[in-house]
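Coordinates in review
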Amino acid sequence: MVVNATGCMEVTTTIFPFSTWKVPFLHNAFENAAATISGVEGAYQSLKKQGKIAENIKFVAFGGDGGTYDIGLQSLSGAMERGHDMMYVCYNNQAYMNTGVQRSSATPRGAHTTTAPAGKVIAGKQQQAKDLTEIMAAHRIPYVAQTIVGNWPDATKKFEKAFSIPGPKFVNIYTPCIPGWGYDSTSTVKMSKMAAETCMWPCYEVENGKYKITYNPGANKKPVTEFLKTQVRFKHLLKDEAVIAEIQKATDDKWNWLLMMEAATNKA
Amino acid sequence: MEKTIVAKTGNEAMAEAMRQINPDVCAAYPISPATEILQIFAGFVHDGKVKTNLIAVESEHSAMSASMGSAAAGARTMTATSSQGLMLMHEVLFIAAGMRLPIVMADVNRAVSAPINIHCDHSDTMAQVNSGWIQIFSENSQEAYDTMIQAVRIAEHKDVMLPTMVTTDGFIISHGMERLEMYPDAEVTKFIGDYKGPYNVLDIKNPITAGSIVLTDYYLEFRKANRVAMANAKQVILDVGREFGKVFGREYGLIDTYKCEDADFIVVCMGSTAGTTKSVVDELRAEGVKAGLLKIRVYRPFPAQEIAAALGKAKAVAVLDRAESLSNQAGPVATEIKSGLFDAGVRVPFASYIYGLGGREIFKEDIRKVYTDLKNLAEGKAVIETAKYIGLKE
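Residues numbered from 1 in each chain as written. Chains lettered and ligands numbered in written order. Predicted model: local features only at pLDDT ≥ 70, side-chain atom pairs only at ≥ 80, totals over all residues.

1. Observations regarding the overall build of chain A
Applied cut-off: The helix count covers DSSP runs of H or I at least four residues long, the strand count covers runs of E at least two residues long, and both are numbered beginning at the N terminus. The globule rule is 2.2 Å times the number of residues to the power 0.38, and the radius of gyration it is compared with is taken over C-alpha atoms. To sort residues by exposure, count the other C-beta atoms lying within 10 Å of each residue's C-beta; 20 or more gives buried, 12 or fewer gives exposed, and values between give partly exposed, all with C-beta atoms placed from the backbone. Contact between two residues is assigned when their C-beta atoms, built from the backbone, lie within 7 Å.
The helix and strand tally for chain A stands at ten helices and eight strands. Compactness check: chain A gives a C-alpha radius of gyration of 19 Å against a globular reference of 18 Å for 268 residues, within 12% of the reference. For chain A, the spread of C-alpha atoms along the principal axes amounts to about 65 × 55 × 30 Å. Across the 268 residues of chain A, 49% fall into the buried class. At a minimum sequence separation of 6, the contacts of chain A that also span at least 24 residues come to 65%.

2. Some details on the nonpolar core
Within soluble globular proteins, side chains that are nonpolar generally end up buried alongside one another. Selection rule: By our criterion, buried Ala, Val, Leu, Ile, Met, Phe, Trp, Tyr and Cys residues that link up through C-beta atoms within 7 Å make up a nonpolar core. Just so you know, the domain bounds were taken from an automatic or database domain assignment.
Counting 196 residues, the largest nonpolar core has Val40 of chain A together with Met148, Ile266 and Val268 of chain B as the members making the most contacts within it. Split by domain, this core shows at least three residues from each of two domains, domain 1 (4–248) and domain 2 (255–389) of chain B. In contact with Met148 of chain B, other than residues within four places in its own chain, are Met14, Ala17, Met18, Ile21, Val104, Ala106 and Val166 of chain B.

3. As for the pairing of strand E3 (residues 53–56) of chain B
Residue and element names in this part refer to chain B. Convention followed: Here a strand pair is declared whenever DSSP counts at least two bridges between the two strands.
Here E3 shows a buried face lined by Asn53 and Ile55 and an unburied face lined by Leu54 and Ala56. Where strand E2 (residues 25–28) and E3 come together, four bridges link them in parallel fashion. Of the residues in E3, the one forming a bridge with Ala27 is Ile55.

4. Let's talk about the interface of chain B and chain A
Size of an interface: often given as the accessible area lost when the parts come together. The cut-off we apply is this: In the scheme used here, Gly and all other residues not listed as nonpolar or charged are polar, with Ala, Val, Leu, Ile, Met, Phe, Trp, Tyr, Cys and Pro taken as nonpolar and Asp, Glu, Lys and Arg as charged.
At the junction of the two partners, chain B supplies 38 residues and chain A supplies 38 residues. Mapped by element, the contributors of at least two residues to the side of chain B that touches chain A are E2, E3, helix H3 (60–72), helix H4 (83–98) and strand E9 (209–210) of chain B. The element best represented in the side of chain B that touches chain A is H3 of chain B, accounting for nine residues. The class makeup of the residues in the side of chain B that touches chain A is 21 nonpolar, twelve polar and five charged.

5. Things to note about the packing of helix H10 (residues 304–311) of chain B against helix H11 (residues 332–343) of chain B
All names here are of chain B. Using the following cut-off: Interaxial angle, 0 to 180 degrees, is taken between N-to-C directions of lines fitted to C-alpha atoms, where a helix line uses only the stretch in contact. Any angle from 65 to 115 degrees is called roughly perpendicular, while one under 35 is roughly parallel, one over 145 is roughly antiparallel, and all others are oblique.
One way to put it is that H10 packs onto H11 with a least axis distance of 9 Å and a crossing angle of 75 degrees. The orientation of H10 with respect to H11, classified from their angle, is roughly perpendicular. In this structure, H10 uses Ala304, Gln305, Ile307, Ala308 and Leu311 to contact H11, whose residues at the interface are Ile337, Gly340, Leu341 and Asp343. Residue composition of the contact of H10 with H11, grouped by class: six nonpolar, two polar and one charged.

6. Concerning helix H2 (residues 33–49) of chain A
An α-helical turn contains 3.6 residues, so a residue and the one three or four places further along point in the same direction. All names here are of chain A. Which entries qualify depends on this criterion: Between the first and last residue of a helix there are one fewer steps than residues, each counted as 1.5 Å, and that sum is the expected span.
For H2, which comprises 17 residues, the first-to-last C-alpha distance of 24 Å matches the rise-based estimate of 24 Å (1.5 Å per residue) to within 8%. Counting buried positions over the 17 residues of H2 gives 14, a clear majority of the element. Of the residues one or two after H2, Gly51 is the one with positive phi, at around 75 degrees.

7. Here's the deal with the sheet that holds strand E4 (residues 77–82) of chain B
Residues and elements named next belong to chain B. Spatially, seven strands are ordered E3-E2-E4-E5-E7-E6-E13 in an open sheet, and the strand pairing comes out mixed. With partners counted over all chains shown, the strands left at the sheet margins are E3 and strand E13 (298–300), one partner each. The sheet shows a mean angle of 20 degrees between the axes of neighbouring strands, taken without regard to direction. Bridge count for E2 against E4 is two bridges, and the pairing is parallel. Directly across from Val25, in E4, lies its bridge partner Thr77. Its contacts with the sheet put H3 on E2, E3 and E4, and the angle it makes with E4 is roughly 165 degrees.

8. Some details on the environment of Glu261 of chain B
Position of Glu261 of chain B among the secondary structure elements: in the loop between strand E10 (255–258) and strand E11 (265–269). Considering only alpha carbons, one finds Glu261 of chain B and Leu38 of chain B, 223 residues apart in sequence, at a separation of 41 Å.

9. Here we look at the packing of helix H1 (residues 10–21) of chain B against helix H6 (residues 141–156) of chain B
All names here are of chain B. Just so we agree on the cut-off: Throughout, a crossing is termed right-handed when the near helix is turned clockwise from the far one, and left-handed when it is turned anticlockwise from it by less than a right angle.
Remark: H1 packs on H6, axes separated minimally by 8 Å, with the N-to-C direction vectors making an angle of 25 degrees. Considering their axes alone, H1 and H6 lie roughly parallel with respect to each other. Where H1 crosses over H6, the handedness of that crossing is right-handed. In this structure, H1 uses Gly10, Ala13, Met14, Glu16, Ala17, Met18 and Ile21 to contact H6, whose residues at the interface are Ser141, Ala144, Tyr145, Met148, Ile149 and Val152. Grouping the constituent residues of the contact of H1 with H6 by class yields ten nonpolar, two polar and one charged.

10. Observations regarding helix H9 (residues 273–286) of chain B
Residue and element names in this part refer to chain B. Put simply, the rule reads: As used here, the arc belongs to the directions running from the helix axis to the C-beta atoms.
Helix length check: H9 (14 residues) gives 20 Å between terminal C-alpha atoms against 20 Å at 1.5 Å per residue, within 8%. Turning to H9, its buried residues number three or more, namely Thr273, Ala274, Thr277, Val280, Val281 and Leu284. The arc that holds every buried residue of H9, seen down its axis, measures 115 degrees, which confines them to one face. Pointing more than 90 degrees away from the buried face of H9 are the exposed residues Ser279 and Ala286. In this structure, the buried side of H9 is in contact with E10, E11, strand E12 (291–296), strand E14 (316–321) and helix H12 (364–378). Just downstream of H9 lies Gly288, where phi reads positive at about 90 degrees.

11. Comments concerning the pairing of E4 of chain B
All names here are of chain B. The condition that has to hold: The handedness of a crossover follows from its direction of travel: if, with the strands pointing away from the viewer, the path from the first strand over the helix to the second runs clockwise, the crossover is right-handed.
The buried fraction of E4 is high, at six of six residues. Neither face of E4 is exposed, since Thr77, Thr79 and Thr81 on one face and Met78, Ala80 and Ser82 on the opposite face are all buried. Summarising the sheet, E4 and strand E5 (residues 104–109) pair through five bridges and their orientation is parallel. Within E5, the residue paired with Ala80 across the bridge is Ala106. Note on the crossover from E4 through H4 to E5: the handedness is right-handed.

Below you can see the structure in the form of structure tokens.
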């Protein structure tokens, strides 16, 4: 059973009187997919207990980074804290793409968006992205993961694992956006892989508090410029060594922190 | 039927109604003066007196969002709120109505910020009049209790399928202890029947897509369906009110008229003030003044024709609004009634008042003064300013 926040996926798959969905699908509004599915799941628990439903049903909510990191964060946090048996999947393309590339709190430092443009005085977004995956991990829910659309085995393994675990789960999947990022339309897989290879978007999971890095480029870890130079949204940054250095440092810091957490949480 | 006579506040009465209705799901967030409803009901849940899954959400926006999800999942769903909470629900109220989900909500009328104030007026509820919810006001605890039970039947009727809010006046009713006749649990269960929702997103064998995007080609038809449902609600409310009378001994309609048949001067109001006004009518009648009261019980759907018919023969009419519309016209109720009178071809000397905002007390003397104003108005001795404040500190 699927609940979907307002966004590209919802508007392109449910244009009345048609629907793409072969499973029950419910859309409520932009900011409340998590609260809505907690109502659906709450109804399921009640009716199941009363013997009115025989089937075992899995619940998954989809939202973009706008509906998840920003306007829907409270709703998500509440649903996770209440412990509903559901998976929340954030399709993170790092800006409000459905409405035309406006900044979100998932937008990376320096990126051009229409509400934080690469102007003559201020060059793109001035702030770092919010670390939502860690915010979710701080809810101490059974399963939290980050993955990318370009690593099918990594992504499917995480979704399958999440579905097998009772309670609230959160998966943050990195999803390049062709018009929003400005790259060749054949390169979506490559774009997300590059984010993992530069460690700008590490693939990892936190299962019952234990960190596990599921893709480690090791010695092949690429500099962030390899990723930045492929997209129009970062074009203005490439000559700005200070900002590049800042991005590299933030990337390294998070990566080193993850390595530390993996080691610290898996001690025998 | 053996009725139990108890002393209950409005909040206790509404919580008791919720216990007897025994919904599958209640998703709610506490707010004064409605908090007690949730507290008392949570006690019922935790003591195993109801089968309800209580979802203690983190905000009223999520309360209505979860209620929407629950009702779409084939579960009888209830909630309770007030004031800022109702305002925070505003967006999702329209969605619940547009998606034809028969959620029943206890709504305790309270003033809206700013300035922040916790006391009664109808501003919160009036801000939701275009949301597509059925709105029923209560004069006292008994009406609140009775109407909660009826609301389930009204909301879930196949010709209606609309969410319904039942209101009490904050503190005045919600915290006022009154005599309450309660009916046996089994009789309430029998009266409300089993839940039959409009569709079910838990039916995985017959998957549906609910909450689609509807563009220029069909949006209007969806809105029309809501209009038809609201129009149908009128008869359903009357039918359910009549059946309730047969079963439980207290019949309900869209409006209540008190000594209006031969009245020269009629005051129109809603909620707890109707009780005060009845007492004034009795006093005036004893003094030979032909006074009457028209209490509006159902505000959505608006009983315009019924009100026009009841006011048509009066020499003068006053409408008491417990909310401001800040439109430079009368308050919301008075404006709505004027529109109905125009359509009915009724032209009657008309005065509008605004009272009780933020819990400002209204006394019998204030209402007496309104009847005096009406007499002077009818005799051409006075002009009453539009939306005149009662009890304003000058």
